[in-house]
Amino acid sequence: MTRLALTNAHLIDPATGLDSPGGVLVQNGMIADAGERLFNDGLPEGAEVVDCQGKILAPGIVDFNVSIGEPGARHKESFRSGGEAAAKGGVTTIITQPNTDPPLDEPAILEFVLRRAQAASVVRVMPTATLTKAAKGKEMTEYRFLLDAGAVALTDGENAIADPVVFRRCLEYAASVDALVCHHPQEPHFSALGCATEGLFASLRGLPEIPAEAEAIMLTRDIRIAALSGVRYHAAQVSTAESLSVIRRAKEAGANVTCSIAVPHFSLNEFDIADFRTFLKVCPPLRSEDDRAAMEEALADGLIDVITSAHRPQDEESKRLPFAQAAAGGVGLETLLPVTLDLHHRAGIKLTTLFERLSLTPARLVGLNAGHLGKGALADLILFDPHAPWIVDRKDLISKSKNSPFHERRVQGKVLGTWVEGKRVWG
Amino acid sequence: MNNAPDSPFAHRHLLGIEELSPQDITAILDRADDYVDMNREARKKRDTLKGLTQINLFFEPSTRTQASFELAGKRLGADVMNMSVKSSSVTKGETLIDTAMTLNAMHPDLLIVRHGESGAVNLLAQKVNCSVLNAGDGRREHPTQALLDALTIRRRKGRLHRLNVAICGDILHSRVARSNIHLLNKMESRVRVIAPPTLLPAGIEQFGAEVFHDMRKGLEGCDVVMMLRLQQERMAGSFIPSTREYFHRYGLDESKMKGAKEDAIIMHPGPMNRGVEIDSDLADDLTRSVIGEQVEMGVAVRMAVLELLARNVTNEIAGVGV
């Protein structure tokens, strides 16, 4: 029986709202106890002791939207490099996107991924599988088999399914196997045309534009079809104020809907692209400052359920192109926590609230008993100093790809230790 | 002419009008005025750029702009080389960087670039050691076109401020319109854009342009009417019902022209689609149409820009003036 005593910490537990000094006792990879007066009567015998020196101890981040290059693009990110980057960033579980090459649309490929992940990654990997074959939006994949093989959700990644008939059938069938369906709500006829949000910035730079409405239009359709099917629907990467009002109405009507946001959409706006900085080309494209500010508010009031990194490793060559031709997406595992902490430092959002979005809610969505400090939970923990200042330098990233939209950004918050099931994987 | 007055122009590249000050613009136009006179002499050749290498790198086909830059360089004594790069949409980007690196190794001093993607010229400017001059990138900017338009207007109207300039047609796909709007705003003229909503970029009012969908209203009281080419090659999908309905509503003809000031001039960056955006008779009416003059001003403006850029480059890199 291995025991680990984390003493003299400042605990954050989003499940109970605990935000005070205390300690955590880990036993056999699970949390045996946690609380303010846990070690008042002395330390348990034979336990390994870590003195947290008053720093913050919180449940590890469950990153709901991560791309790893395996299979097909291991030069961009492998399970080893991605896992290490995650550990350094305080992410203890990565939920991977299925848009690999080949795509994760068959149980056999899923099994390969899980084997590779287990052998190479220091953090937990939970894969999703595609909703349609090759994520082309035409034919359903084998949902029951894929779930049995270990898929935690079904999604076509950043491909939106245009055909409402296909989408409805997918959702209805998915509901019958109680699958969580994630969809990227962008009307593809609009989004195929451009690479920047329609408005002054795109017009000034002469970039082909996508109206921001492309998101709310698709989201509105999605939510109605989801209601027809009764499926658990998750809108991935919402980014406009209009989408938020669609989500708000749906939630108020009691719909089974959740949504997530990627870090760039609450921390950057379209003008940060400046003179065609392709590292800031993401999908959906960066929005107006009004939209960004609306995201921040929605994160404070709980309308947005999950914060993700939307980690998208891209090699140098695919970014060293004219903006419209460059690949979309940025790496984010190592900057997820510090950039999110900006919401705490600058906007005053409580840490318990942030960790609900980072850890607790995503864990619950995929049925993982983690993301909180309750007895019996998996001992996925991170220790961090929320104030430690540093400057993001893409050359220092562990990720194989260095395409960070936050290169040269001043941030606060450094992970000092990461534990997955009680095993230290960082610090 | 070899002892040109010192100008405040201190740019390494000319990527867009957006980055120029009104003083920069005036400096270029003043210098170009000298070259207009010189170009009308029988012996036109100078040695201002002697010993310098100018490469015209065109990723999009062009006749007039490329010829204009070639002539401008040659008249100033530069060694000019033309490179047209055919590019499929897939390999375009690779070709861009690879070509840039290859050319850079040959030590050109002035690189004139046209590319189909907005911002491609900026990317290239980061990778090479010479001066880069934007000869049109995607929908974004075509700075020498706006400068030659400004020179034409200034010579005809005697000023660039407090003029009403209407830009009509396919604003959405037009780098000429964007550069002209920037320039005219900087010089304190008023710009109107006249087009159907499908051919207008979003947020154009915030650029400093008044929007008209009705051409007759838009032309009222105008000093300058700038027509744009309908860029049918850039139009995937339905933007207008037909060229004949387009001409009916937005083609410049005698009756629509009545609303403009009596002495209003008509401009067109070329090549023209006669009978689509402009009536043939109007285009050829030498009392009002300055389309031929624009071409003449083009060479002079490009000579001025080449000279000003060359001055800064040699100072910066070798520490010696030309």
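Everything numeric in this text was worked out from a predicted model, so none of it was measured. (Residues numbered from 1 in each chain as written. Chains lettered and ligands numbered in written order. Predicted model: local features only at pLDDT ≥ 70, side-chain atom pairs only at ≥ 80, totals over all residues. Heavy atoms only, no water.)

Remarks on the overall build of chain B
Along chain B, the regular secondary structure elements total 12 helices and nine strands. Radius of gyration (C-alpha) of chain B: 19 Å, near the 20 Å computed for a compact globule of 322 residues. The C-alpha extent of chain B, read off along each of the three principal axes, is 55 × 45 × 35 Å. Counting every position in chain B, which comprises 322 residues, the buried fraction comes to 61%. Once local pairs closer than 6 in sequence are excluded, the contacts in chain B between residues at least 24 apart make up 74%. For chain B, the exposed area adds up to about 13,100 Å²; of that, 48% sits on carbon and sulfur atoms. Between the mean site of the 41 positive side-chain charges and the mean site of the 42 negative ones, chain B shows a separation of 2 Å. (Helix = DSSP H or I, 4+ residues; strand = E, 2+ residues; numbered from the N terminus. Rg over C-alpha atoms; globule rule 2.2 N^0.38 Å. Buried < 20%, exposed > 50% of the residue type's maximum accessible area, 1.4 Å probe, protein only. Contact = heavy atoms within 4.5 Å. Areas by Shrake-Rupley, 256 points an atom, 1.4 Å probe, with all protein chains shown as cover. Lys, Arg positive; Asp, Glu negative; His and termini not counted. Charge placed at Lys NZ, Arg CZ, Asp CG, Glu CD.)

As for the overall build of chain A
Check the secondary structure of chain A and you find 13 helices and 18 strands. Its C-alpha atoms give chain A a radius of gyration of 21 Å, near enough to 22 Å, the size a compact globule of 427 residues would have. In terms of overall dimensions, chain A has a C-alpha envelope of 65 × 45 × 45 Å along the principal axes. Counting only residues that meet the buried cut, chain A has 63% of its 427 residues in that class. Long-range contacts, defined as pairs at least 24 residues apart, comprise 74% of the intrachain contacts of chain A with a sequence gap of at least 6. Per element, the accessible surface of chain A, about 15,800 Å² overall, is 49% carbon and sulfur.

Topic: the side chain of A:S78
Position of A:S78 among the secondary structure elements: in the loop between β6 (61-66) and α1 (79-89). Apart from the residues within four sequence positions on either side, A:S78 is in contact with A:I68, A:E70, A:G83 and A:K400.

Some points on the interface of chain B and chain A
The extent of an interface is frequently quoted as the accessible surface area lost upon association of the parts. Taken residue by residue, the interface counts 25 residues in chain B and 18 residues in chain A. Across the interface of chain B and chain A, roughly 1,700 Å² is buried in total on both sides, 58% from carbon and sulfur atoms. For the chain B face of the interface with chain A, the top three residues by lost area are B:E117, B:R139 and B:A202, together amounting to 25%. Linking chain B to chain A there are two salt bridges. The salt bridge partner of A:E209 is B:R139, with a shortest N-O separation of 3.3 Å. Counting every contact that joins chain B to chain A gives six residue pairs in polar contact (both at pLDDT 80 or more). If you list the elements that add at least two residues to the side of chain B that touches chain A, you get α3 (92-105), α4 (120-127), α6 (175-186) and α7 (204-208) of chain B. If one sorts the elements of the side of chain B that touches chain A by residue count, α3(B) sits on top with five residues. For the side of chain B that touches chain A, a count of residues per class yields eight nonpolar, nine polar and eight charged. (Buried area = accessible area lost by both parts, 1.4 Å probe. Salt bridge = Lys/Arg side-chain N within 4 Å of Asp/Glu carboxyl O. Polar contact = N/O pair within 3.5 Å; in protein donor to acceptor, adjacent residues only side chain to side chain. Nonpolar A, V, L, I, M, F, W, Y, C, P; charged D, E, K, R; others polar.)

Regarding unusual backbone geometry
The omega angle of the peptide bond from A:C283 to A:P284 is -5°, so this bond is cis rather than trans. Relative to the helices and strands, A:P284 resides in the loop between α9 (264-267) and α10 (289-301). Note the cis peptide between B:G270 and B:P271, where omega equals -10°. Mapped onto the fold, B:P271 is located in the loop between β9 (265-267) and α11 (280-284). In this structure, A:F276 is a non-glycine residue whose phi angle is positive, near 65°. Note on placement: A:F276 falls in the loop between α9 and α10. Its identity is not glycine, yet B:H107 carries a phi of approximately 55°, on the positive side. Position of B:H107 among the secondary structure elements: in the loop between α3 and β3 (110-115). Of the residues examined, B:H107 reaches a relative accessible area of 62% and is grouped as exposed.

Side note on the pattern of salt bridges
In the structure shown here, the tally under the stated rule is 44 salt bridges over all chains. Close ionic contact of A:R320 with A:E317 constitutes a salt bridge, the shortest N to O distance being 3.1 Å. You can call A:R320 partly exposed: its relative accessible area is 28%. Taking the relative accessible area as the measure of exposure, A:E317 reaches 48% and is therefore partly exposed. Between B:R274 and B:D284 there is a salt bridge whose closest N-O contact spans 3.0 Å. You can see B:R274 sitting in the loop between β9 and α11 and its partner B:D284 sitting in helix α11, a full 10 residues away along the chain. Residue B:D284 is classed as partly exposed on the basis of its relative accessible area of 45%. Residues participating in the shared-partner salt-bridge network are A:E289, A:R292, A:E296, A:D342, A:R346 and A:R409.

Some remarks on the packing of aromatic side chains
Residues and elements named next belong to chain A. In total, this model carries four aromatic pairs over all chains according to the counting rule given. Measuring from centroid to centroid gives 5.7 Å for Y143 and Y173, while their planes differ by 55°, and the two rings are tilted. Residue Y143 is found in helix α3 (residues 143-148), and its partner Y173 is found in helix α4 (residues 164-176); the two are separated by 30 residues along the sequence. The class of Y173 is partly exposed, set by a relative accessible area of 40%. Taken together, a centroid distance of 5.2 Å and an interplanar angle of 70° make the contact between F201 and F271 edge-to-face. In this pair, F201 is assigned in helix α6 (residues 200-205) and F271 in the loop between α9 and α10, connecting sequence segments 70 residues apart. A relative accessible area of 2% places F201 in the buried class. Overall, the relative accessible area of 43% leaves F271 in the partly exposed class. A cation sits over an aromatic face here: R205 above F276, 5.9 Å from the ring centre. (Phe/Tyr/Trp six-rings, centres within 6.5 Å; stacked < 30°, edge-to-face > 60°. Lys NZ or Arg CZ within 6 Å of the ring centre and 35° of its normal.)

Let's talk about the nonpolar core
Ranked by internal contacts, the top residues of the largest apolar core, which has 95 residues, are A:I94, A:Y233, A:I307, A:L337, A:F355 and A:F384. Counting 88 residues, the second largest nonpolar core, distinct from the first, contains B:L200, B:A260, B:I291 and B:V299. (Core = buried A, V, L, I, M, F, W, Y, C linked by side-chain atoms within 4.5 Å.)

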